[in-house]
Amino acid sequence: MISERSVLVGGVSTTYYESGNGDPIVFLHGAGLGADGKNSFVRQLNELSDQFKVIAVDQLQCGGTDYPADRKFVNRLGRVDHVIGFIEALGLKQITLVGHSEGSFVAARVAILRPDLVSGLVLLTASSVSPAFGDDRDETWWQAYTETYDNSGPMPSEEDYIAAWRKNTRAYGRDVEDAKREAYRRAAARGQYEMLQNLPEEETNLRLYVVLQQTHIFPHLDRLPAKTLIIWSKNDATVPPDRGAKLAKLIKNSDFHLLANAGHEVQIDQSETVNSLIRHWTVKFKRN
């Protein structure tokens, strides 16, 4: 059973979802309209709770967690300290930390800064920490990215939001739809879309967007103390498989898995395989 809870983190009321008992695995969602912990990881909260304490947190300006008072967008680097504070507030140490999409940047940065908190790192379709190609191929995936996350028009209705997800998902289920409807309604009520319509240029310009990983991630990957599992989608145009392979080469002793028949939400589209990989990999490295 998934429980919704809250905790104060540096004065910020922070919502998170929890299920199960055992070694803790903390999940960090990506960005975009409706992004939150339950929406992104409902199938991990439900299916890994037999063996682990599964925790999915709503990061700043997402889900039920407090929004910034000035309503200005907080980028992925700005979410790092909040996640560190959240882990400390729950009294957790040596956790497995999982990041999806932009959440992978936050997860990797936390693992770099606080190896006392993170012993295992899992990165899912992790564009925000993977190297660019440095040639014309970058324009292809960036174009796909900008089309997918185009916030220039009016906010989609709930039914349009759900219809778009159903069109793209490869593993429809009522569990995910219910979580997505809940996330949409919360985002609509809190004005999240308006924030996304006013993103700073470094979030919409490829050459500026990649600066954060070049500065805060890449120089540290060859010395990353946390054991790392990388799970990639074969069918996500915004994050080509070759970028995942490039990332794996930067991290010593990382395990890289490429899954077919999965879009950006690989943890939803291939939840059984993803959960099995996380389960067996976590048990293995904990024993070692």
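Shown above is the structure to which this text applies.
Fair warning: this is a prediction, and the values are worked out from it, not measured in the lab.

A. How the structure looks around the overall build of the chain. The helix and strand tally for the chain stands at 12 helices and eight strands. Relative to a compact globule of 288 residues, whose C-alpha radius of gyration would be 19 Å, the chain shows 17 Å and is just as compact. In terms of overall dimensions, the chain has C-alpha extents of about 50 × 45 × 35 Å along its principal axes. A sequence separation of at least 24 residues applies to 75% of the contacts in the chain between residues at least 6 apart. Counting only carbon and sulfur atoms, one obtains 47% of the accessible surface of the chain, whose full area is about 12,300 Å². For the chain, the distance from the average position of its 33 positive side-chain charges to the average position of its 37 negative side-chain charges is 5 Å.

B. Broad picture of the packing of aromatic side chains. Within the structure shown, the criterion is met by 10 aromatic pairs. Their ring planes at 15 degrees and their centres at 4.8 Å tell us that Trp142 and Tyr145 sit as a pair that is stacked. Separated by three residues within a single helix, Trp142 and Tyr145 lie in helix H4 (residues 137–148), roughly one turn from each other. Relative to Tyr184, the ring of Tyr161 has its centre 5.1 Å away and its plane inclined at 40 degrees; by these criteria the two rings are tilted. Here Tyr184 lies in helix H6 (residues 174–190) and Tyr161 lies in helix H5 (residues 158–168), a separation of 23 residues in the sequence. The positively charged end of Arg166 is found above the aromatic ring belonging to Tyr172, 4.2 Å away from the centroid. Directly above the aromatic system of Trp141 lies the positively charged group of Arg243, at a separation of 3.9 Å from the ring centroid.

C. View of the side chain of Ser49. Among the secondary structure elements, Ser49 is positioned in the loop between helix H1 (37–47) and strand E4 (52–57). A polar contact of 3.4 Å, which involves the side chain of Ser49, links it to the backbone oxygen of Leu45. A polar atom in the side chain of Ser49 sits 3.3 Å from the backbone oxygen of Asn46. What Ser49 contacts, discounting residues up to four positions off in sequence, is Ser19, Gly20, Asn21, Gln44 and Val54.

D. Region of interest: the sheet that holds strand E6 (residues 118–124). The eight strands are arranged E1-E2-E4-E3-E5-E6-E7-E8 in an open sheet whose pairing can be described as mixed. A strand with exactly one partner marks an edge of an open sheet, and here the two such strands are strand E1 (3–9) and strand E8 (255–259). Looking at each pair of strands side by side, their axes are set apart by 20 degrees on average, direction ignored. Two strands pair when backbone bridges link them, and strand E7 (residues 227–233) and E8 are joined in this way by five bridges, in the parallel orientation. What sits directly across from Ser233, in E8, is Leu259. Where helix H2 (residues 80–89) meets the sheet, its contacts fall on E1, strand E2 (12–19), strand E3 (23–28), E4 and strand E5 (95–100), and the angle it forms with E1 comes to roughly 110 degrees.

E. View of H1. Among the 11 residues that make up H1, eight are buried, leaving the element largely enclosed by the rest of the structure. Buried residues of H1: Gly37, Asn39, Ser40, Phe41, Val42, Arg43, Gln44 and Leu45, and no others.

F. Local environment of the side chain of Glu18. Within the fold, Glu18 resides in strand E2. A polar contact is formed between the side chain of Glu18 and the side chain of Arg5, at a distance of 3.2 Å. Excluding anything up to four places from it in sequence, Glu18 contacts Met1, Ile2, Ser3, Arg5, Leu45, Lys53, Val54 and Ile55.

G. Just the environment of Leu277, in detail. In this structure, Leu277 sits in helix H12 (residues 271–287). Since its relative accessible area comes to 19%, Leu277 is described here as buried. Residues Leu277 and Arg43 lie 234 residues apart in sequence; the distance between their C-alpha atoms is 14 Å. Discounting residues that sit within four places of it in the chain, Leu277 has contacts with Leu229, Ile231, His257 and Leu259.

H. Geometry of unusual backbone geometry. Within the chain, Gln61 stands out as a residue other than glycine whose phi angle is a positive 65 degrees. With respect to the helices and strands, the residue Gln61 is situated in the loop between E4 and H2. The class for Gln61 is buried, based on a relative accessible area of 4%. Backbone geometry at Arg71 places phi at a positive 65 degrees, although glycine is not the residue there. The exposure class assigned to Arg71 is partly exposed, which follows from its relative accessible area of 38%.

I. Spotlight on the packing of H5 against H6. Interaxial distance between H5 and H6 falls to 10 Å at its minimum, and their mutual angle equals 140 degrees. By the criterion of interaxial angle, the relationship of H5 to H6 is oblique. Where H5 crosses over H6, the handedness of that crossing is right-handed. The segment H5 lies against H6, with Glu158, Glu159, Tyr161, Ile162, Trp165 and Arg166 engaging Val176, Glu177, Lys180, Arg181, Tyr184 and Arg185. Each residue belonging to the contact of H5 with H6 can be placed in one class, and the counts come to five nonpolar, no polar and seven charged.

What counts, and at which threshold
Residues numbered from 1 in each chain as written. Predicted model: local features only at pLDDT ≥ 70, side-chain atom pairs only at ≥ 80, totals over all residues. Heavy atoms only, no water. Helix = DSSP H or I, 4+ residues; strand = E, 2+ residues; numbered from the N terminus. Rg over C-alpha atoms; globule rule 2.2 N^0.38 Å. Contact = heavy atoms within 4.5 Å. Areas by Shrake-Rupley, 256 points an atom, 1.4 Å probe, with all protein chains shown as cover. Lys, Arg positive; Asp, Glu negative; His and termini not counted. Charge placed at Lys NZ, Arg CZ, Asp CG, Glu CD. Phe/Tyr/Trp six-rings, centres within 6.5 Å; stacked < 30°, edge-to-face > 60°. Lys NZ or Arg CZ within 6 Å of the ring centre and 35° of its normal. Polar contact = N/O pair within 3.5 Å; in protein donor to acceptor, adjacent residues only side chain to side chain. Pairing = 2+ DSSP bridges. Axes fitted to C-alpha atoms, helices over the stretch in contact; angles between N-to-C directions. Buried < 20%, exposed > 50% of the residue type's maximum accessible area, 1.4 Å probe, protein only. Parallel < 35°, antiparallel > 145°, perpendicular 65-115°, else oblique. Left-handed = near helix turned anticlockwise from the far one by under 90°. Nonpolar A, V, L, I, M, F, W, Y, C, P; charged D, E, K, R; others polar.

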